[in-house]
Protein chains: 4
Amino acid sequence: MIAVLKNGATDKQIEGIIEWIHTLGLEVHLSKGHYQTILGIIGDTQKVDEDLLSGLEIVESVKRISEPFKSANRKFHPDDSVIKVSGTEVGGDAFTFIAGPCSVESEEQIIGIAKEVKALGATMLRGGAFKPRTSPYDFQGLKAEGIELLLEAKKETGLPIVTEIMNANHLPMFEEVDVIQVGARNMQNFELLKELGRTRKPILLKRGLANTIKEWLMSAEYIMAGGNENIILCERGIRTFETYTRNTLDISAVSVLKELTHLPVIIDPSHATGAAKYVKPMALAAAAAGAAGLMIEVHNDPVHALCDGPQSLTPAQFGEVAEGVNKILTALKA
Amino acid sequence: MIAVLKNGATDKQIEGIIEWIHTLGLEVHLSKGHYQTILGIIGDTQKVDEDLLSGLEIVESVKRISEPFKSANRKFHPDDSVIKVSGTEVGGDAFTFIAGPCSVESEEQIIGIAKEVKALGATMLRGGAFKPRTSPYDFQGLKAEGIELLLEAKKETGLPIVTEIMNANHLPMFEEVDVIQVGARNMQNFELLKELGRTRKPILLKRGLANTIKEWLMSAEYIMAGGNENIILCERGIRTFETYTRNTLDISAVSVLKELTHLPVIIDPSHATGAAKYVKPMALAAAAAGAAGLMIEVHNDPVHALCDGPQSLTPAQFGEVAEGVNKILTALKA
Amino acid sequence: MIAVLKNGATDKQIEGIIEWIHTLGLEVHLSKGHYQTILGIIGDTQKVDEDLLSGLEIVESVKRISEPFKSANRKFHPDDSVIKVSGTEVGGDAFTFIAGPCSVESEEQIIGIAKEVKALGATMLRGGAFKPRTSPYDFQGLKAEGIELLLEAKKETGLPIVTEIMNANHLPMFEEVDVIQVGARNMQNFELLKELGRTRKPILLKRGLANTIKEWLMSAEYIMAGGNENIILCERGIRTFETYTRNTLDISAVSVLKELTHLPVIIDPSHATGAAKYVKPMALAAAAAGAAGLMIEVHNDPVHALCDGPQSLTPAQFGEVAEGVNKILTALKA
Amino acid sequence: MIAVLKNGATDKQIEGIIEWIHTLGLEVHLSKGHYQTILGIIGDTQKVDEDLLSGLEIVESVKRISEPFKSANRKFHPDDSVIKVSGTEVGGDAFTFIAGPCSVESEEQIIGIAKEVKALGATMLRGGAFKPRTSPYDFQGLKAEGIELLLEAKKETGLPIVTEIMNANHLPMFEEVDVIQVGARNMQNFELLKELGRTRKPILLKRGLANTIKEWLMSAEYIMAGGNENIILCERGIRTFETYTRNTLDISAVSVLKELTHLPVIIDPSHATGAAKYVKPMALAAAAAGAAGLMIEVHNDPVHALCDGPQSLTPAQFGEVAEGVNKILTALKA
């Protein structure tokens, strides 16, 4: 961590700041130039509150050399993490296909879809029981009953299930859920993240709509700081000025994350684009870019889906996506 | 609400969709052109799930004529709402000055600041007890103890207090708090909003970092749908590409909101800009633009503040802001 | 085109507006509801100035059903355009590899790189002669001499050359250039676009840093309106809040454009990400997503390149990219 | 300027880079820590190409301490610049009101508006002769004839005139124009900026739609590097995700620029918001924030304006804006 001091900082002021840094258990390397005095702060600089340091009167600017995340950081954990999910794995050599409807609607629907997507290559089943909707007047999900139906579908097909949590008080209902999803709008719901850190469940952490990669990793860090290291990151599009797609899929986040962290990264092309017609090309792009998997909305009757219909694929379309992705994975391994 | 149908929609399909809309208790006005068939949907169109309608195979596009928010909508409530807060008012003819530190640090600190800002014109005291921090390793606030200290400061000065909630389970601790703040990161924490809708406490609802004005009003609607209409909106800067300021203060949101809603809107120039030196000009701009008040970070020792130091004013600087704002308000009334 | 009128529009006003639309040679389909009066405007609605219509006192809002671009529109030209470039083709079945340095530096450099990239699969040579730099104090390119050196390299290798124009007055120097590039910063330099519309040269039109897909197609339309239909679109990243990459590659633009236009779309992963290490995965993603080609910075001595060094590949790295891309293209055709 | 070197840089590599910096006439202050080696580069660091330095293999990151702009920099020119414009002044104690229509349409129109706005307080007349329009099919302005009509209006009223240039080849037509405007879309048309640097005309430089304050000042620097220091900056809204307003007025840019540069900054609330109803509150906000003036669209028949009608004020509305602004300016001086 480097702090550049303002011109005119007195020796007494400089001593004061160095002393304060020492009290945090860190070393300081002082470099006094004609024009500029620079402090190099060495040690576990996560102890230094960057805002506080910048706020000191004699400090012109502060630059972190090392990233503020630690448990998620590849530097301290060079090998890829592989997250074990009830008999299957995410990350490493595996490629994960999570498929299913936006909302669980009925037993018939969810079991029907589960069987179809399993036959076409899905390795996990998704389905929303608790739904975060922008409007209080829109359908909010089947809630506890939705989870029951997902567990029925799991029993029928053996597919592990992924579903979203919106409230830590609901955790008891998620006891048999295989992967708990944190949605984009809750990425910085730190109270929820802390509670999930106390579990040992695999967490699928979606990127917030307008959150930087660094903030996303800090949210992973909240969960990991509690002792739960089973995290799957999921890029689902960011908010930009472009309006042809619902959001803008930040495909380069895959490459950046592979460098910064050991956690697996998957892509949700359905929410990123908001249109079924763009899902296949974006899924292929994700596989080519090195993502560890895909999360895709599939509905057996997309035009009557209770939410997010326009972006759902039919099972047959999902099968085509899986086939295309497997061609690319095979070609790149060759 | 207008639905434009695709070329080639058959009469049978059109009848089907009209029938479905009728089942929602709405009327349809059909306009069949050579090139385009248009359905005008009339009645309480909040019953129509826009995503669902767009998803129908024969629908090309859907356009809402009326806004999806109702309780917050000025059309159904033409007069400005005035929110009563323990003997003072927000909105209407009043101009509100909320001042205080980012974090409550000690009894001496919070009582000292409270006395100073009251003498200089503050009408409410702010102070963070539960702090949402991007990093799990940063200072997280004094929590329950912080609220106790705020209540001490209230007892000493009579100033109503504003403080942030991060978890609905903490509500019992907020019983004596005058205004409960929902922070930017929780603006779409719908579970929290629903719980706050069950109280009758005034809620200060901050705009999310990258949320549209419409989404913000829908979040107000979540609280109001529960029966709590005591909402104060607070603009605190949005995320853009510019980096000289921490966020970009969207000053025009004040004008837009005055048109769309009857709820009062205040401005937080401290968080919007992230720099003490920009607070005064932005506070003056807010007053000139017609904001109902300001929320300003004030610390008696800004360079040692435990968080957000660089953006805090000294009490004396706050006094200058209040003086400038009052000059503008007086001049515009003349 | 649909115009929704305000409540309270009088019959006389409505007749007035209909009459005006008739004078433009268009038909109007009037739909009068209890709550809303709607005008459906039919015919060549490009004649209607949308801003003007919205500005009329009785108009509440205007919605275009058809896109404002015509020559670039796939609806009127369903087949993919294939742009002929001096013996090679862009679009259709071909996949284009444009490679070369950011700036032309010397005869030795440009001929050396040209030979190497040709051997590794490049189908065109790029190199900057006129360089748009943010700072007037940065290297501005070799200008006319740079073009001479590119033509030397073309003579040696047979590779067609692509280079950027910044000023229509320079057109005479571009007479033997095969493809003229319009850079991101000039995407809406309408005077330059009009001049290029008078030539019949293939134009590589880069997307502006913060321009929508619609604006981009309107800029293509400027060139096409002059009679030059030889346009290659190039996505090079858009400006967002994320800072780990220089810009955010909008990979979904490929899919959107394939739907909206018949013009070929290529991707520039070097400028989009700003980092050599991210070029390969993004190039593979582009190929998988269906791009018609790639434009990649290659330098034989990246660390000493006079501009944009950090994002340049070595020729060997370019070879690996081409190999990976070809694997994917082959796999997807299988 | 600070360069942080990578761990593992050898002494020989470090010597090499220091030597290279010396050849640019700069000094280096070396600080070797256990973990990090840092070079402090001292002198006129504008000579260092930041991209090039970052590109060197052993460099981890580069941070500029001083800004890359020089002529525009307040550090080297502490007093506010006052731009003389044909008998009036922009900046300093003056507050400038530039008013007039988006497009010049006829002699009657422009002279009529000029007389009205002058009587109501305008100090300059604006009017578009060459119009940058997104679509080639929209009205492009009266061109040379428009400038003639503006000069007629100047003769009648004495108001200096402001009009936009789109092509350096048109400069001879601008000989009698008082202030030449560079539009947002041409802010990085460096060839145009260089030509304007060779004149001594006052230039009104609008901020690009998605350009940072730093890039904007670098564009001013392009003009100033040619010897023309008569620059007025004009903020006109930036592109964000919000859609209720056409763009988002970045009001804090006024404060940032007052700190960074000595050049005067004015605000264009008409283009920033795109709606007449928001112009007055934003104009008041601009005055309160310390802007040096306003540029406002005024039309005597806004609903029939040939472009940008919805955002034009009537002369009477402009009069109200001027009155409100003057109240604020007077109050703040008291």
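Scroll up a little and you will see the structure.
Model, not experiment: these values are computed from the prediction.

A. Region of the structure containing the overall build of chain A. Across its full length, chain A holds ten helices and 14 strands. Considering only C-alpha atoms, chain A reaches an extent of 75 × 45 × 40 Å along its principal axes. The 334 residues of chain A split such that 64% are buried. The contacts in chain A between residues at least 6 apart in sequence include a share of 67% that link residues at least 24 apart. For chain A, the centre of its 34 positive side-chain charges and the centre of its 43 negative side-chain charges are spaced 2 Å apart.

B. Here's a closer look at the interface of chain A and chain C. Across the boundary between the two partners, chain A contributes 40 residues, which contact 40 residues of chain C. Buried surface at the junction of chain A and chain C, summed over both partners, amounts to about 3100 Å²; 70% is from carbon and sulfur atoms. Scanning the region where chain A abuts chain C turns up four salt bridges. Run the count over chain A and chain C and you get ten residue pairs in polar contact (both at pLDDT 80 or more).

C. The sheet that holds strand β3 (residues 37-42) of chain D, seen in detail. Residue and element names in this part refer to chain D. Taken in spatial order, the four strands of this open sheet run β2-β3-β1-β4, and their pairing is antiparallel. Strand pairing shows two members of the sheet lacking a second neighbour, β2 (27-32) and β4 (59-63), which therefore form its edges. When strand polarity is set aside, the average angle formed by the axes of neighbouring strands in this sheet is 20°. The sheet contact formed by strand β1 (residues 2-5) and β4 spans four bridges and is antiparallel. Paired with V4 across the two strands is S61, which belongs to β4. The sheet strands contacting helix α1 (residues 11-23) are β1, β2, β3 and β4, and the helix crosses β2 at an angle near 155°.

D. Spotlight on empty space enclosed by the protein. Enumeration over the complete set of coordinates arrives at four cavities of 30 Å³ or more. Space inside the largest cavity adds up to approximately 190 Å³. If you go around the largest cavity, you meet 16 residues; those closest to its centre are A:R239, A:T240, B:R239, C:R239 and C:T240. Size it by volume and the second largest cavity reaches roughly 50 Å³. In terms of lining, the second largest cavity is formed by B:H29, B:S31, B:I38, B:L39, B:G40, C:H29, C:S31, C:I38, C:L39 and C:G40.

E. Quick peek at the relation of the copies chain A and chain C. Under the fitted operation, chain A is carried onto chain C by 0.0 Å of movement along the axis and a turn of 180°, and the coordinates agree to an RMSD of 0.1 Å. Within this description, the copies of the chain are treated as partners about a two-fold rotation axis. The rotation axis passes nearest to the C-alpha of A:A285 in chain A, at a distance of 2.0 Å. Of the residues that chain A buries at the interface, 100% are likewise interface residues in chain C, meaning the two copies contact each other through the same surface.

F. Representation of the sheet that holds strand β3 (residues 37-42) of chain A. All names here are of chain A. The antiparallel open sheet is built from four strands, whose spatial order is β2-β3-β1-β4. Looking at strand neighbours, the two that pair on one side only are β2 (27-32) and β4 (59-63), the edges of this open sheet. Neighbouring strand axes in the sheet, compared pairwise and without regard to direction, differ in orientation by 20° on average. Sheet contacts for helix α1 (residues 11-23): β1 (2-5), β2, β3 and β4; angle to β2, the most-contacted strand, approximately 155°.

G. Region of the structure containing the relation of the copies chain A and chain B. Between chain A and chain B, which share one sequence, the superposing operator has a rotation angle of 180° and an axial displacement of 0.0 Å; the RMSD is 0.1 Å. The share of interface residues of chain A whose copies in chain B are also at the interface is 100%, consistent with both copies meeting through the same surface.

H. View of the interface of chain A and chain B. In this complex, chain A contributes 45 residues to the contact, which on the side of chain B involves 45 residues. Taken together, the two surfaces of chain A and chain B that pack against each other cover about 4000 Å², and 51% of this comes from carbon and sulfur. Where chain A touches chain B, the interface holds three salt bridges. For B:E215, the salt bridge identified is with A:R239, shortest N-O distance 2.6 Å. The set of elements that each furnish at least two residues to the side of chain A that touches chain B consists of α2 (50-55), α5 (190-198) and α6 (213-225) of chain A.

I. Region of the structure containing the packing of aromatic side chains. In the structure shown here, the tally under the stated rule is 16 aromatic pairs over all chains. Ring geometry for C:F97 against C:F318: centres 6.1 Å apart, planes inclined by 85°, an arrangement best described as edge-to-face. In this pair, C:F97 is assigned in strand β7 (residues 96-100) and C:F318 in helix α10 (residues 315-333), connecting sequence segments 221 residues apart. Relative accessible area serves as the criterion here: at 4%, C:F97 is assigned to the buried category. Members of the aromatic cluster, each reached through a chain of ring pairs, are A:F95, A:F97 and A:F318.

J. Quick peek at the pairing of β7(C). Residues and elements named next belong to chain C. Burial analysis of β7 places five of its five residues in the buried class, which makes it a mostly covered element. In β7, alternate side chains face the same way, and those of T96, I98 and G100 on one face and F97 and A99 on the other are all buried. As paired strands, β7 and strand β14 (residues 293-297) are joined by five bridges and run parallel to one another. Looking at β14, one finds that F97 is bridged to L294. Taken together, the two bridges between β7 and strand β8 (residues 124-126) define a ladder with parallel strand orientation. Note that in β8 the partner of A99 across the bridge is L125. With helix α3 (residues 107-119) bridging β7 and the parallel β8, this β-α-β connection has right-handed handedness.

K. Focus on the packing of helix α9 (residues 279-289) of chain A against helix α10 (residues 315-333) of chain A. All names here are of chain A. In the contact formed by α9 and α10, the axes pass within 9 Å of each other and the chain directions differ by 25°. Taken as axis vectors, α9 and α10 run roughly parallel relative to one another. For the element pair α9 and α10, the recorded crossing hand is right-handed. Packed against α9, whose contacting residues are K280, A283, L284, A287 and A288, the element α10 presents E320, V321, G324, V325, I328, L329 and L332 at the interface. Residue composition of the contact of α9 with α10, by class: nine nonpolar, one polar and two charged.

Calculation criteria
Residues numbered from 1 in each chain as written. Chains lettered and ligands numbered in written order. Predicted model: local features only at pLDDT ≥ 70, side-chain atom pairs only at ≥ 80, totals over all residues. Heavy atoms only, no water. Helix = DSSP H or I, 4+ residues; strand = E, 2+ residues; numbered from the N terminus. Buried < 20%, exposed > 50% of the residue type's maximum accessible area, 1.4 Å probe, protein only. Contact = heavy atoms within 4.5 Å. Lys, Arg positive; Asp, Glu negative; His and termini not counted. Charge placed at Lys NZ, Arg CZ, Asp CG, Glu CD. Buried area = accessible area lost by both parts, 1.4 Å probe. Salt bridge = Lys/Arg side-chain N within 4 Å of Asp/Glu carboxyl O. Polar contact = N/O pair within 3.5 Å; in protein donor to acceptor, adjacent residues only side chain to side chain. Pairing = 2+ DSSP bridges. Axes fitted to C-alpha atoms, helices over the stretch in contact; angles between N-to-C directions. 1 Å grid on protein atoms, 1.4 Å probe; cavity = no way out; pocket = protein on both sides within 12 Å on 5 of 7 lines; lining within 4 Å. Points joined across faces, edges and corners; volume = space filled by probe spheres on them. Least-squares fit on C-alpha atoms with pLDDT ≥ 70 in both. Phe/Tyr/Trp six-rings, centres within 6.5 Å; stacked < 30°, edge-to-face > 60°. Right-handed = clockwise from strand over helix to strand, strands pointing away. Parallel < 35°, antiparallel > 145°, perpendicular 65-115°, else oblique. Left-handed = near helix turned anticlockwise from the far one by under 90°. Nonpolar A, V, L, I, M, F, W, Y, C, P; charged D, E, K, R; others polar.

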